[in-house]
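Residue-level listing of the chains:
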Amino acid sequence: MSDTTITDPGVSEPDPDDGATLDEATDGTTLVDEVIPTATDGSRSDDGLDHLGLAHHTSTGLSNTKLGMWLFLGSECLMFGGLIATYMLYRNRQGDAIGPDQLWDIPFTSASSFCLLMSSLTMVLAVSAAKRHDDRNTRLWLITTASLGGLFVAGQVYEFTTFYREGLGYTTSLFGSSFYTLTGFHGVHVSVGIMMLMALMFMLSRNKVAGDKAETVEMIGLYWHFVDIVWIIIFTLVYLIPA
Amino acid sequence: MAIIERPVDAPATDGGPAVVATPSSSFGYLRRPVQTKGWRSWAFSVDHKKIGIMYGVTAMVFFIVGGLEASLIRAQLARPEGHILSADKYNQMFTMHATTMVFLFVMPMAAAFANYMIPLQIGARDVAFPRLNAFSFWTFLFGGIFINTSWFLGGGADGGWFMYAPNSTTPFSPSDGVNFWTLGLLITGVASLAGAVNLIVTVLNMRAPGMTMMRMPIFTWMGLVTQFLLLFAMPVITVALFLLLFQRNYGATFFSVQDGADPLLWQHLFWIFGHPEVYIIVLPAFGIVSEVLPVFSRKPLFGYPFVVFSGAAIGFLGWGVWAHHMFASGLGPISVSVFAVATMAIAIPTGVKIINWTLTMWGGKLYFSTAMLFAIGLIIEFTIGGLSGVTHSVAPSDTQQTDTYYIVAHFHYVIFGGGVLGLFAGMYYWWPKVFGKLLSETIGKWNFWFMIVGMNMTFGPMHILGLQGQPRRMYIWTEQRAGEGFFNLAFWNLVSSIGTVVLVTGVFLFLVNVWHTTRKAPPAPADPWDARSLEWITSSPPKEYNFERTPTVHALDEFFHRKYEDVGTGDQHEYKKVATGEDVIAEEVAHADAHIHLPSPSYWPIMLALALPIMAYGVIYHTLLIVAGAALLIGSVFGWALEPSTAPESDFDPPSDGGETSKELAVHV
Amino acid sequence: MSSPTSRTTVGRVNRRARLALLAVLAAGVAGCAKDAPQDTWQPAGPNAQKIQNLQYPVFIIAGVVGLIVFAVVGYVVWRYKDRGQAIPEQTHGKPALEIGLTILPALILIGVAIPTVGTLMALNKTSDTQCVINVTGQQWWWEVDYPVQEGCGGVSGVIVTSGQMVIPVGTPVLVRGTSRDVIHSWWIPRLNGKRDMVPGRVQTNRIQADEPGIYSGQCTEFCGLSHANMRMEVIAMFPDDFEAWKANQLEAYTSPEPDTLAAEGEALFVSQCSRCHQVNGLEDADGNPIVSRPDLYEYAGAAPNLTNLMTRNTFAGSSFNLLIPQCYPQVWDAPSDTVGQEYLKGVTPECLNSVELREWLRNAPAKKPMYADPTKLEPTDGLYRGMPFLGLSEDQIDQLVAYLLERK
């Protein structure tokens, strides 16, 4: 420590960092080289790719986009939480109008839920293909995922029009308002997911995806799985548990 | 300006001719903006520093708007049976005053500091998602403008800033004001959420080598906790706002009591957001003060780990106290007890900070710059606000205090005395770094004292007014309820209104200081305060790329340790200055990076941001606008996604002066 | 970095400012209004007293803590000013001290929490109440009704009034309240803390007055345009005065003498006012009792019940006085042994504040902000939320005033 100009004066308690000793740090290169390559003259330079936030450059080991997606999904949990809470409060308040027991067609909804569930499987397969740089199968599985998602949305649309005809409109009752708002928000999220999948396929085919392609597919996969998990919760609470 | 290339052995230069590149289009939509001067270099910038400055200027403008609204309120309440504002205008005025101050001033001003300083404090060149950062700013600006157009389009929102249902539904608030409020806050909410994701990823992923979490500057830590609070609180108010929007515009019945709705649903959703919101407001100010006090005491922050953990504890506990805003709403004694005790618990980590700040100064070498005065002012004023908060936590007592001026006193002491004083400390402290000039200390001290005296004159009497029975949100008060004696409620209302004049003068003096400094002050040194943290290892103002090379961090208060060496023996400590700030910077310059790539400016963030208010106007006026806005939104999203974050070199033509290759552009801001 | 003169100037200013702050604090504590009607620190009943017993020591603790913090900061700011000393010891903290100073406030707060929860539970008790009075808030006035019951000394018929709630002294009263439109809040500070009146729910509040008197209150949940004009009072009186009051309220309706101004007023009232204002016992031409807006309201119309208007001394959400300034102190400032009797006198023709009443009848929306334009109230099915402008002539106003004076 004596021949450097950097010392840690007068601490009255152990150094509050996470275990790296000062010796390691002052050496300069130990920590650094794991993260950023050094130029041949010994000066540190960023290799021009820092701003892409690729995984091996970051302190957490997760790329910027993947970490960003996880955080965004965390906030979405709260949003769906609020919508679900509203629904649970109002699920029995249909007044004289039609109620959940008379409306649900569990077999049908199970079938469309199954489609969405399978789409998560195909999404995993797409990510796996992307990691293997198997472009053809990546595209195949992405299309399948989007199609299954589209089937789910089509099923929702059919269901809602049926409910509407049977007497449950958006403004009919509290039950109606909260049901359509919750499932509507979910449906919009699925639709946005389908659009992202198709855009991804397009960009992959034109080689317009910057950075790590597999990671971009994986990031969209995270979103897709989240949307699926939310549906599982909604399906259970709204459809399966009797009012 | 996207690429900075220097020959490896040449030092960084400043000056040199500005060269504007003319890129070919990146995808066939639009050319890349590359202007380095003029309004376009701001409108399409993705540089966190420019964005930070824009946040700050905009927030300051809204501060003045909110202050005008407050002045009108106090003018109306200076005398009994006031005639300055009608009941309707008064109700709009206090609603918009609070909304403007909370959402359009304090939060964005904190965002200004976070955006500018966090990357510098962690040794990064920019944030994780620079275009998203620009998008956040423009969205906030357009949202703020959108809400305020309500003044000219039928009247501002008039339901109070917490907009309780069913009073906020159409039968009871028939004008479009509440619609503007709802949609405007949805828009600014998007900005906050995007900013939160951005800054969290930045702090977690982009710290300089050697900067562990417990070596981060405390402002960055408080900023991180704040962003987590934003991340999880914004979605909840988003749900509440959507429910209200659908109720008002599309016939939903969420708050229609005759259909069986429970009005308390709004209150719960709002306050689950609303309580973390107040920590979102105050934690950045706490962070600033935790930077300022050590620098001007010439000692490190006392108990850094405690301050960090107490900040995280506040962020965590803040989720469990929301119903203390609802003590009189009929929750039942068990719920009320739980929330009362939780509220008392959260006073503990807050109190810890006061202790730590005071002990930081203890034994120090205190220099009373204006920034330091504001920081000390915060300790005193926030203590007052915090203690009155503890008296609210006693729920039976709160049933007498809630909805009276005693509450108004409490939150102004914590928001103004806590949040705003902290932000002003930050402005005086960091002004030389951001703008390259020192704000005048003389005018600064007048600024400070007018604000302190003004705030105590304005908000101090409100404690008395509230405890003696004056409710809040009253457009008039009467002699009949004012009591007898010289010091009756009439007297204190008048004192409070006069205090507003003093306070406004203080704020005006700040603007005078800015004006004077811009015109007259000489350039500031790089390290005017002999500071301790990384952001000072830059020029004043910093270069566009921030650091000549990414610094390596060996300890907390890295900059301090590069300047001072302990030459004492054994247990004796004696600190000798071995390098000035300029020396440290020169060292960095000597080892400057050869290639620095920065993210490129872009049109898409501002275009995407523009789509949101268009859609919002569509909800109020015509569905066609929603479609038009949605088209712009989708188009902008695709343009953004298809555009690489850094323009490839092929995007740049050879420079017009016939220089070597496109690689040899050296463009300076 | 600093000049010596500015440092000492600042130091002097610091000290002066701290003294000034202390002076202001002292003035604040000392300088309060005497007898502010809604003072929360002057309990007049056991519920408010329980709250006071809790909040008084808490305020003292908070004050002491505050003064300690100010003293320490003041000391530090003076003692450790830069007087040329060396760079100080770079202490990073003392965990023992910090932990200790965390535990200390925690202990204090536990000491505050325990009586808080105890008081909360005690205040929640309503099983000992002996009198039930219903309160319904609506924009922007309070309806008060006494259901038939054995409590309150026996109520044989429903009593409906507005704005002023009369209770017997020393009797615990259960106020049960709700709202017909938005959330209001019922608050009589000297008797108890407030309770929100939420549409769709019935909430309770226990009040008891130790002494006869007039206790003022206000709506304390923002409820729209005239939230500031939504006030109420509780009048506590001795039990025999209360019996007299009840009996008077339940007296049968007497029409005015024929061919008097008041008789013309009655006819005008039927045609113009009875749509919204209920007067019990009023009959239409066929002899059927007139009930205002029966589809909506059980007892009153869309507006206060005026059967016994002149037994109260405020009107329009207790925003305006029915008594002229000369008569007002006789009732409002009466000592506790006579206030009941003074109140029971009601409003006599000599004491009537006809200026206020006539202004109101002439143009109500100009006097109190209300949504009274029927054309704008389509979303509420044309419900007026306030009294509209009726365009009455001065003669018509004379008739109405004469009629109303007899409503006692």
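Here we summarise the structure given alongside this text.

Definitions and limits used
Residues numbered from 1 in each chain as written. Chains lettered and ligands numbered in written order. Predicted model: local features only at pLDDT ≥ 70, side-chain atom pairs only at ≥ 80, totals over all residues. Heavy atoms only, no water. Helix = DSSP H or I, 4+ residues; strand = E, 2+ residues; numbered from the N terminus. Buried < 20%, exposed > 50% of the residue type's maximum accessible area, 1.4 Å probe, protein only. Contact = heavy atoms within 4.5 Å. Areas by Shrake-Rupley, 256 points an atom, 1.4 Å probe, with all protein chains shown as cover. Disulfide = S-S within 2.5 Å. Axes fitted to C-alpha atoms, helices over the stretch in contact; angles between N-to-C directions. Parallel < 35°, antiparallel > 145°, perpendicular 65-115°, else oblique. Left-handed = near helix turned anticlockwise from the far one by under 90°. Nonpolar A, V, L, I, M, F, W, Y, C, P; charged D, E, K, R; others polar. Pairing = 2+ DSSP bridges. Buried area = accessible area lost by both parts, 1.4 Å probe. Salt bridge = Lys/Arg side-chain N within 4 Å of Asp/Glu carboxyl O. Arc of directions from axis to C-beta. Core = buried A, V, L, I, M, F, W, Y, C linked by side-chain atoms within 4.5 Å. Polar contact = N/O pair within 3.5 Å; in protein donor to acceptor, adjacent residues only side chain to side chain. Phe/Tyr/Trp six-rings, centres within 6.5 Å; stacked < 30°, edge-to-face > 60°. Lys NZ or Arg CZ within 6 Å of the ring centre and 35° of its normal.

Let's shift gears to the overall build of chain C. Of regular secondary structure, chain C possesses ten helices and twelve strands. In chain C, which comprises 408 residues, the share counted as buried stands at 55%. In chain C, once contacts between residues fewer than 6 apart in sequence are set aside, the share between residues at least 24 apart is 67%. With the model as given, the accessible surface of chain C reaches about 17100 Å², and the carbon-plus-sulfur share is 59%.

All right, on to the overall build of chain A then. Across its full length, chain A holds eight helices and zero strands. Seen in sequence order, chain A has helices and strands lined up from the N terminus as α-α-α-α-α-α-α-α. The buried share among the 243 residues of chain A stands at 50%. When contacts within chain A are restricted to residue pairs at least 6 apart in sequence, long-range pairs at least 24 apart make up 70% of them. Summed over its atoms, the accessible surface of chain A is roughly 11200 Å², and 63% of this surface lies on carbon and sulfur atoms.

Residues and elements named next belong to chain C. Inspection of every chain in the model, using the stated rule, returns two disulfides over all chains. One disulfide bridge connects Cys131 with Cys152, the sulfur atoms lying 1.7 Å from each other. Classification of the bridge connecting Cys131 and Cys152 rests on its S-S torsion, roughly 90°, and on that basis the disulfide is right-handed. Highlighted residues: Cys131 in strand β1 (residues 131-138) and Cys152 in the loop between β2 (141-146) and β3 (159-162), separated in sequence by 21 residues. Here Cys131 matches Cys152 in class, with each residue buried. With its sulfur 1.9 Å from that of its partner, Cys327 forms a disulfide with Cys351. With the S-S bond torsion at -75°, the cross-link from Cys327 to Cys351 turns out left-handed. With Cys327 in the loop between β12 (320-321) and α6 (328-332) and Cys351 in the loop between α7 (339-344) and α8 (354-362), the pair connects residues that are 24 residues apart, well separated along the chain.

Below, the discussion takes up the packing of helix α17 (residues 604-620) of chain B against helix α18 (residues 623-642) of chain B. All names here are of chain B. Following both chains from N to C, one finds α17 and α18 inclined at 165°, their axes separated by 7 Å at the closest point. Compared by their axis directions, α17 and α18 come out roughly antiparallel. Between α17 and α18 the crossing geometry is left-handed. Here Trp604, Pro605, Met607, Leu608, Leu610, Ala611, Leu612, Ile614, Met615, Tyr617, Gly618 and Val619 of α17 lie close against α18, whose contacting residues are Thr623, Leu625, Ile626, Gly629, Ala630, Leu632, Leu633, Gly635, Ser636, Val637, Gly639 and Trp640. Residue composition of the contact of α17 with α18, grouped by class: 18 nonpolar, six polar and no charged.

All names here are of chain C. Read from one edge of the open sheet, five strands run β3-β2-β1-β5-β8, paired in mixed fashion. Single-partner strands in this sheet number two, and they are β3 and β8 (203-207). The mean inter-strand angle of the sheet, taken between neighbouring strand axes irrespective of direction, is 25°. Here five bridges tie β1 to β2, and the two strands are oriented antiparallel to one another. Bridge pairing links Val135 to Val144 in β2. Relative to β3, helix α4 (residues 239-249) is tilted by about 100°, and along the sheet it contacts β2 and β3.

Moving on, we come to the interface of chain B and chain C. With 107 residues of chain B at the contact, the number on the chain C side is 107 residues. Here chain B meets chain C over a buried area of about 9100 Å², counting both sides, of which 67% is carbon and sulfur. Looking at the side of chain B facing chain C, the largest losses of area belong to Lys365, Gln400 and Arg481 of chain B, adding up to 9% of the total buried there. The interface formed by chain B and chain C contains three salt bridges. We note a salt bridge from Lys365 of chain B to Asp82 of chain C, for which the minimum N-O separation is 3.1 Å. Listing elements by their share of the side of chain B that touches chain C, those giving two or more residues are α3 (87-121), α7 (264-297), α8 (304-317), α9 (333-361), α10 (370-393), α11 (395-401), α13 (441-467) and α14 (489-520) of chain B. When the residues that make up the side of chain B that touches chain C are grouped by side-chain class, the tally is 62 nonpolar, 32 polar and 13 charged.

Right, let's get into the pattern of salt bridges. Two side chains that carry opposite charge are able to pair once their charged atoms sit near each other. One pass over the full model with this rule turns up 28 salt bridges over all chains. Two residues, Glu441 of chain B and Lys445 of chain B, come together in a salt bridge whose shortest N-O distance is 3.0 Å. Of this pair, Glu441 of chain B and Lys445 of chain B both sit in helix α13, four residues apart, which is roughly one turn of the helix. The residue Glu406 of chain C makes a salt bridge to Arg407 of chain C at a minimum N-O spacing of 3.8 Å. Taking the relative accessible area as the measure of exposure, Glu406 of chain C reaches 36% and is therefore partly exposed. What you see here is one network of salt bridges that share partners, running through Arg298, Asp527, Asp530, Lys563 and Lys577 of chain B.

Our next topic: α4 of chain C. Turning to α4 of chain C, its buried residues number three or more, namely Asp241, Phe242, Trp245, Lys246 and Gln249 of chain C. End-on, the buried residues of α4 of chain C take up no more than an arc of 140°, which puts them together on one face.

A few words now on the nonpolar core. Membership of the largest hydrophobic core comes to 359 residues, with the highest contact counts inside it found for Phe179 of chain A, Trp138, Trp266 and Tyr429 of chain B together with Tyr146, Met165 and Trp186 of chain C. No other element matches the 22 residues that α3 of chain B contributes to this core. By size, the runner-up hydrophobic cluster in this structure holds nine residues, among which are Met344, Ile348 and Val390 of chain B together with Ala113 of chain C.

As a further point, take helix α16 (residues 581-590) of chain B. Residues and elements named next belong to chain B. Looking at α16, one finds that the buried residues are Gly581, Val584, Ile585 and Glu588. The buried residues of α16 occupy one face: seen down the axis, they fall within an arc of 95°. In this structure, the buried side of α16 is in contact with α15 (558-563).

Attention shifts here to the sheet that holds strand β4 (residues 164-168) of chain C. Residue and element names in this part refer to chain C. A sheet is described by the order of its strands in space; here three strands give the open sequence β4-β10-β9, paired in mixed fashion. In the strand order of this sheet, the two ends are held by β4 and β9 (213-218), each with one partner. Averaged over all neighbouring strand pairs, the angle between strand axes comes to 20°, with direction disregarded.

All names here are of chain A. With respect to the secondary-structure elements, Ser113 resides in helix α5 (residues 106-131). Residue Ser113 is classed as buried on the basis of its relative accessible area of 9%. Within polar-contact distance, the side chain of Ser113 engages the side chain of Trp231 at 2.8 Å. The contact partners of Ser113, leaving out residues within four places of it in the chain, are Phe152, Trp231 and Phe235.

Next up on the list: the pairing of β2 of chain C. Residue and element names in this part refer to chain C. For β2, a buried count of six out of six residues is recorded, marking the element as mostly surrounded by other parts of the structure. Both faces of β2 are covered, namely the face carrying Trp141, Glu143 and Asp145 and the face carrying Trp142, Val144 and Tyr146. The turn joining β1 and β2, which pair antiparallel and follow one another in sequence, is formed by two residues. Relative to β3, β2 runs antiparallel, the two being bridged by four bridges.

Here we come to the side chain of Glu558 of chain B. Residues and elements named next belong to chain B. In this structure, Glu558 sits in helix α15. The class for Glu558 is buried, based on a relative accessible area of 3%. A distance of 2.7 Å separates the side chain of Glu558 from the backbone nitrogen of His554, its partner in a polar contact. Polar side-chain contacts of Glu558 include one of 3.3 Å to the backbone nitrogen of Ala555. Setting aside anything within four residues of it in sequence, one finds Glu558 in contact with Arg532, Leu534, Thr552 and Val553.

Looking now at the packing of aromatic side chains. In this structure the tally under the stated criterion is 92 aromatic pairs over all chains. Ring plane angle 75° and centroid distance 5.0 Å describe the contact between Phe286 of chain B and Trp357 of chain B, whose orientation is recorded as edge-to-face. With Phe286 of chain B in helix α7 and Trp357 of chain B in helix α9, the pair connects residues that are 71 residues apart, well separated along the chain. Look at Trp357 of chain B and you get buried, because its relative accessible area is 1%. Through a chain of ring-to-ring contacts, the aromatic side chains of Tyr87, Trp104, Phe152, Phe160, Phe163, Phe175, Phe179, Tyr180, Trp231, Phe235 and Tyr239 of chain A assemble into a single cluster. Over the ring of Phe162 of chain B we find Arg473 of chain B, and its NZ or CZ is 4.2 Å from the ring centre. Here Arg407 of chain C stacks its cationic end above the ring of Tyr403 of chain C, 4.4 Å away from the centre of that ring.

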